[in-house]
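# Inside the fold
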Amino acid sequence: GAVVSQHPSRVICKSGTSVKIECRSLDFQATTMFWYRQFPKQSLMLMATSNEGSKATYEQGVEKDKFLINHASLTLSTLTVTSAHPEDSSFYICSARVGSGGGSYEQYFGPGTRLTVT
Amino acid sequence: DAKTTQPNSMESNEEEPVHLPCNHSTISGTDYIHWYRQLPSQGPEYVIHGLTSNVNNRMASLAIAEDRKSSTLILHRATLRDAAVYYCILLRWNQGGKLIFGQGTELSVKP
């Protein structure tokens, strides 16, 4: 299957600083990528849909000025958590879609990035 | 978002088949049924998807009810590595084709 990587796998930052997480599709081109967040013992929550060359579409309740998403190429999307606070500590996971569309496709997920804000 | 209902948890014995049920009574004609699983501290992994007909791949089989209001993921011989949270998700292409995760079923496999 297709491979999606994330970097870094873990990051610890101080409150008020910004953190950038990279998501790469290694062996395929992804026109659409997704960003999720997962708190301990909870399910994944979709944050935004990222399309190459255009602005991301954010889910309701997700602050677009706080979670900046850039999808500058067909293999790279980045999520920047700006002015991070302890409540932003979470497991961030990206994914990319592979397939012809119409619902018949596979979505591949990165290994996740564990963010801890102190 | 189209809703699915899954048991919170299930247990299985190693090397035995596992049938993971999913109810989706509000499914519409164009919704695809997707299954993903997530091992602890990892990103989810694609398992299988289907529309109307039963589907098989190297990981699992997907049995879809004739009225499409329920489906069953079948792991033919459970291994310890199959212990994970399994998510059944309805994908609506005309609503952005987004995977919206519910709570899933936590499968434990006993040796």
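That block above? That's the structure.
The structure displayed is predicted, hence computed values, not measured ones.

Another point: the overall build of chain B. Along the backbone of chain B there are zero helices and nine strands. Ordered by position from N to C terminus, the α and β elements of chain B give β-β-β-β-β-β-β-β-β. A principal-axis box enclosing the C-alpha atoms of chain B has dimensions of 40 × 30 × 25 Å. Looking at the 111 residues of chain B, the share that counts as buried comes to 46%. A sequence separation of at least 24 residues applies to 57% of the contacts in chain B between residues at least 6 apart. Total accessible area on chain B stands at roughly 5700 Å², and carbon and sulfur atoms take up 46% of it. The averaged location of the 11 negative side-chain charges in chain B is 5 Å from the averaged location of its 10 positive side-chain charges.

Another aspect to go through is the interface of chain B and chain A. In this assembly, 21 residues from chain B lie in contact with 22 residues from chain A. Together chain B and chain A conceal approximately 1700 Å² of surface at their shared face, both sides included; 54% is due to carbon and sulfur atoms. Applying the counting rule to chain B against chain A returns one salt bridge. Lys98(B) is the salt-bridge partner of Glu59(A), the closest N and O atoms lying 2.9 Å from each other. One can count seven residue pairs in polar contact (both at pLDDT 80 or more) joining chain B with chain A. Broken down by secondary-structure element, the contributors of at least two residues to the side of chain B that touches chain A are β3 (32–38), β4 (45–50) and β8 (84–91) of chain B. Considering each element in turn, the side of chain B that touches chain A owes the most residues, four residues, to β3(B). For the side of chain B that touches chain A, a count of residues per class yields 10 nonpolar, 10 polar and one charged.

The next point concerns the nonpolar core. Of all hydrophobic cores here, the largest spans 25 residues; its most connected members are Val4(A), Trp35(A), Phe67(A), Leu79(A), Tyr92(A) and Leu115(A). Breaking this core down by element, the ones donating at least two residues are β2 (10–13), β3 (19–25), β4 (32–38), β5 (44–51), β7 (67–73), β8 (76–81), β9 (90–99) and β11 (113–117) of chain A. If we ignore the near neighbours within four places in the chain, the residues touching Leu79(A) are Val19(A), Lys20(A), Ile21(A), Trp35(A), Phe67(A), Leu68(A), Ile69(A) and Tyr92(A). One finds Ile27(B), Ile33(B), Val47(B) and Ile64(B) within the second-largest nonpolar core, a separate group that totals 21 residues.

Residue and element names in this part refer to chain A. Read across the sheet, four strands follow the order β1-β3-β8-β7 without closing on themselves; strand pairing throughout is antiparallel. Two strands close off the open sheet at either side, each with one partner strand: β1 (4–7) and β7. Neighbour-to-neighbour, the strand axes of the sheet open up by a mean angle of 15 degrees, direction not taken into account.

With that out of the way, let us pick up the state of the cysteines. With the rule as written, the count across this model stands at two disulfides over all chains. One disulfide bridge connects Cys23(A) with Cys94(A), the sulfur atoms lying 2.0 Å from each other. The S-S bond linking Cys23(A) to Cys94(A) shows a torsion near 80 degrees; that makes this disulfide right-handed. Of this pair, Cys23(A) sits in strand β3 while Cys94(A) sits in strand β9, and the two are 71 residues apart along the sequence. Judged by relative accessible area, which is 0%, Cys23(A) ranks as buried. When its relative accessible area of 0% is taken as the criterion, Cys94(A) is described as buried. Cys22(B) shares a disulfide with Cys88(B); S-S distance 2.1 Å. With the S-S bond torsion at -80 degrees, the cross-link from Cys22(B) to Cys88(B) turns out left-handed. With a gap of 66 residues between them, Cys22(B) in strand β2 (residues 18–23) and Cys88(B) in strand β8 connect regions that are remote in the sequence. The pair Cys22(B) / Cys88(B) is uniform in exposure class, with both members buried. Sulfur of Cys13(A): no disulfide; nearest cysteine sulfur belongs to Cys94(A) and is 18 Å away.

Criteria and cut-off values
- Residues numbered from 1 in each chain as written.
- Chains lettered and ligands numbered in written order.
- Predicted model: local features only at pLDDT ≥ 70, side-chain atom pairs only at ≥ 80, totals over all residues.
- Heavy atoms only, no water.
- Helix = DSSP H or I, 4+ residues; strand = E, 2+ residues; numbered from the N terminus.
- Buried < 20%, exposed > 50% of the residue type's maximum accessible area, 1.4 Å probe, protein only.
- Contact = heavy atoms within 4.5 Å.
- Areas by Shrake-Rupley, 256 points an atom, 1.4 Å probe, with all protein chains shown as cover.
- Lys, Arg positive; Asp, Glu negative; His and termini not counted.
- Charge placed at Lys NZ, Arg CZ, Asp CG, Glu CD.
- Buried area = accessible area lost by both parts, 1.4 Å probe.
- Salt bridge = Lys/Arg side-chain N within 4 Å of Asp/Glu carboxyl O.
- Polar contact = N/O pair within 3.5 Å; in protein donor to acceptor, adjacent residues only side chain to side chain.
- Nonpolar A, V, L, I, M, F, W, Y, C, P; charged D, E, K, R; others polar.
- Core = buried A, V, L, I, M, F, W, Y, C linked by side-chain atoms within 4.5 Å.
- Pairing = 2+ DSSP bridges.
- Axes fitted to C-alpha atoms, helices over the stretch in contact; angles between N-to-C directions.
- Disulfide = S-S within 2.5 Å.

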